[in-house]
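Listed below, chain by chain, are the residues.
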Amino acid sequence: MEKVYDVTAIGELLIDFIQKGNTEGNMVFEANPGGAPCNVLAMLARLGYQTAFIGKVGDDYFGRMLGETIKKTGIGDEGLLYDPNVNTTLALVHTLKDGDRDFSFYRKPGADIMLTENEVNKRLIESCRIFHFGSLSLTSEPAAGATKAAVDYAKSLGKMISFDPNLREPLWESEEQSRAAIWYGISECDILKIADNEIIWLTGTENYDEGVQAIRRRSRAKLINVTMGNHGSMAYYSDKKIFGKPFLNDHTVDTTGAGDTFCACVLSFVLEHGLDCLGEMDMEDMLLFANGAASIVTTRRGALLSMPDREEIHGFISSYRQNEGESEQTKTFPLMLRSVDRVKDFVSEMRQIEGDVFISTGKYIIDAKSIMGIFSLDLSKPLQLEFADWKEEYRSVVEKYMRL
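For the structure given in this document, a descriptive report is provided here.

Definitions and cut-offs
- Residues numbered from 1 in each chain as written.
- Predicted model: local features only at pLDDT ≥ 70, side-chain atom pairs only at ≥ 80, totals over all residues.
- Heavy atoms only, no water.
- Helix = DSSP H or I, 4+ residues; strand = E, 2+ residues; numbered from the N terminus.
- Rg over C-alpha atoms; globule rule 2.2 N^0.38 Å.
- Buried < 20%, exposed > 50% of the residue type's maximum accessible area, 1.4 Å probe, protein only.
- Contact = heavy atoms within 4.5 Å.
- Areas by Shrake-Rupley, 256 points an atom, 1.4 Å probe, with all protein chains shown as cover.
- Lys, Arg positive; Asp, Glu negative; His and termini not counted.
- Charge placed at Lys NZ, Arg CZ, Asp CG, Glu CD.
- Axes fitted to C-alpha atoms, helices over the stretch in contact; angles between N-to-C directions.
- Left-handed = near helix turned anticlockwise from the far one by under 90°.
- Nonpolar A, V, L, I, M, F, W, Y, C, P; charged D, E, K, R; others polar.
- Expected span 1.5 Å × (residues − 1).
- Arc of directions from axis to C-beta.
- Core = buried A, V, L, I, M, F, W, Y, C linked by side-chain atoms within 4.5 Å.
- Phe/Tyr/Trp six-rings, centres within 6.5 Å; stacked < 30°, edge-to-face > 60°.
- Lys NZ or Arg CZ within 6 Å of the ring centre and 35° of its normal.

## Overview of the overall build of the protein chain
Point 1. Helices and strands together make up the secondary structure of the protein chain, namely 13 helices and 17 strands.
Point 2. The C-alpha atoms of the protein chain give 22 Å as radius of gyration, which agrees with the globular expectation for 404 residues (22 Å, within 12%).
Point 3. Each principal axis of the C-alpha atoms in the protein chain carries an extent, and together these give about 70 × 55 × 45 Å.
Point 4. The 404 residues of the protein chain split such that 56% are buried.
Point 5. Put simply, 71% of the contacts in the protein chain that link residues at least 6 apart link residues at least 24 apart.
Point 6. Of the accessible surface of the protein chain, which amounts to about 17700 Å², a share of 47% is contributed by carbon and sulfur atoms.
Point 7. Counting 44 positive and 61 negative side-chain charges, the protein chain places the averaged centre of each group 2 Å from the other.

Structure (structure tokens):
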């Protein structure tokens, strides 16, 4: 009997050399297995799902190490090939002062971009429920053609398609080439995970709602998730927009793989719930779980071997809430206030609500019942509305100010 996979992914599998301090003035790097598609699969495997990878590494020390690693994490390696002529791709990851990363790649060529269309294991696509890919396998031929052929085949079989741009600008010959490839991925997917800097770069607007509208004009994606680092995340589905609060962590050491972890948690949600008739409460739970998991991963170096399981994620969320004194009655919603009249109507209705209600944007928190406080904000930016003591009877009022 052929094995059935929940998620099959195609793309890069490489070594992330992550900066780990200095010794006598020399930078020290730690070799960590990585590559965005495999990071996603590793997280899904930790959550109990069956996963498989399609890709290529060098037939060298690092390539064999990567092959052993993905087997150890529970990722199916039937689709992994070893190139005797081209070495495994390497990435040097420098951690910046703000916690973000700077990448340097050794990939001209690297084994991951040598995968050909004929080498794609179609059985792994035939037997999966979701097919996932990113943009790094679209940077060069023959891997770009192999990836597109795999996507076409998955679509012809009615598989759900997931895409994460995971933009790495140094790997592209030109900005025009990278934009075309990422728009291709967006146009093909049902599920999109895109980072805040990517949506700004791609659409030219810092307003995420407008960015999502631009994406929707060129995409059939049913679920679009925007990750915003330590500002949380947002999910766009149908006419709904849901905000997920971040889990700020004082123990962050490396953000490599946080987005991949988030992406995997979203795919686990889709595997359980599908993409039809999703409710706001469901998506709030999705973002809560995904943000919590991503926060845990930032406290560890590397990604592929750093993924938490369900018990750890739920325990972390529960502990975080207790430490923050977060009441189970606290509720957060995305908010849109674009005109003077809309602000006046909103404040009038908020003043009828008992308890504290706040608006936050970035580091600013304003009393939602203060009209002058609201007018001090940039209303073109994403806003979040938070109720300290939520009651379901407020929902009809709130929903009027959530719509795109």
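## Considerations on the packing of helix α6 (residues 196-203) against helix α7 (residues 208-216)
Point 1. Two elements in contact, α6 and α7, have axes whose closest approach is 10 Å; the angle formed by their N-to-C orientations is 60°. For α6 against α7, the interelement crossing comes out left-handed. For the pair formed by α6 and α7, the contact residues are Asp196, Ile199, Ile200 and Thr203 on the first element and Tyr208, Gly211, Val212, Ala214 and Ile215 on the second.
Point 2. Grouping the constituent residues of the contact of α6 with α7 by class yields 6 nonpolar, 2 polar and 1 charged.

## Thoughts on helix α4 (residues 143-156)
Point 1. The terminal C-alpha atoms of α4 lie 20 Å apart, and with 14 residues this matches the ideal 20 Å at 1.5 Å per residue to within 8%.
Point 2. Residues of α4 that are buried: Ala143, Ala144, Ala146, Thr147, Ala150, Val151 and Ala154. Considered in projection along α4, the buried side chains sweep an arc of 165° and stay on one side of the axis.
Point 3. Lining the buried residues of α4 we find β1 (5-10), α3 (122-126), β8 (128-134), β9 (160-164) and α5 (175-188).
Point 4. Just past α4, the residue Gly158 takes up positive phi, approximately 80°.

## Section: the nonpolar core
Point 1. If you look at the biggest cluster of nonpolar residues, it comprises 80 residues, and the most contacted ones within it are Leu223, Leu337, Phe346, Ile359, Leu385 and Phe387.
Point 2. No other element matches helix α8 (residues 258-273), which puts 10 residues into this core.
Point 3. Leaving out residues up to four positions away in the same chain, Phe346 has contacts with Leu335, Leu337, Ile359, Ala368, Ile374, Leu385 and Tyr401.
Point 4. If you look at the next biggest cluster of nonpolar residues, it comprises 41 residues, including Ile182, Ile194, Leu202 and Ala221.

## Section: the packing of aromatic side chains
What characterises a pair of aromatic rings is the spacing of the ring centres plus the angle enclosed by the ring planes.
Point 1. One pass over the structure, following the stated rule, counts 13 aromatic pairs.
Point 2. Here Tyr61 and Phe62 contribute two aromatic rings whose centre-to-centre distance is 5.7 Å and whose plane-to-plane angle is 70°, an arrangement assigned as edge-to-face.
Point 3. When its relative accessible area of 25% is taken as the criterion, Phe62 is described as partly exposed.
Point 4. Taken together through their ring pairs, the aromatic side chains of Phe333, Phe387, Trp390 and Tyr394 make up a single cluster.
Point 5. Of note, Lys122 hangs over the ring of Tyr153, and the distance from its end group to the ring centre comes to 4.9 Å.

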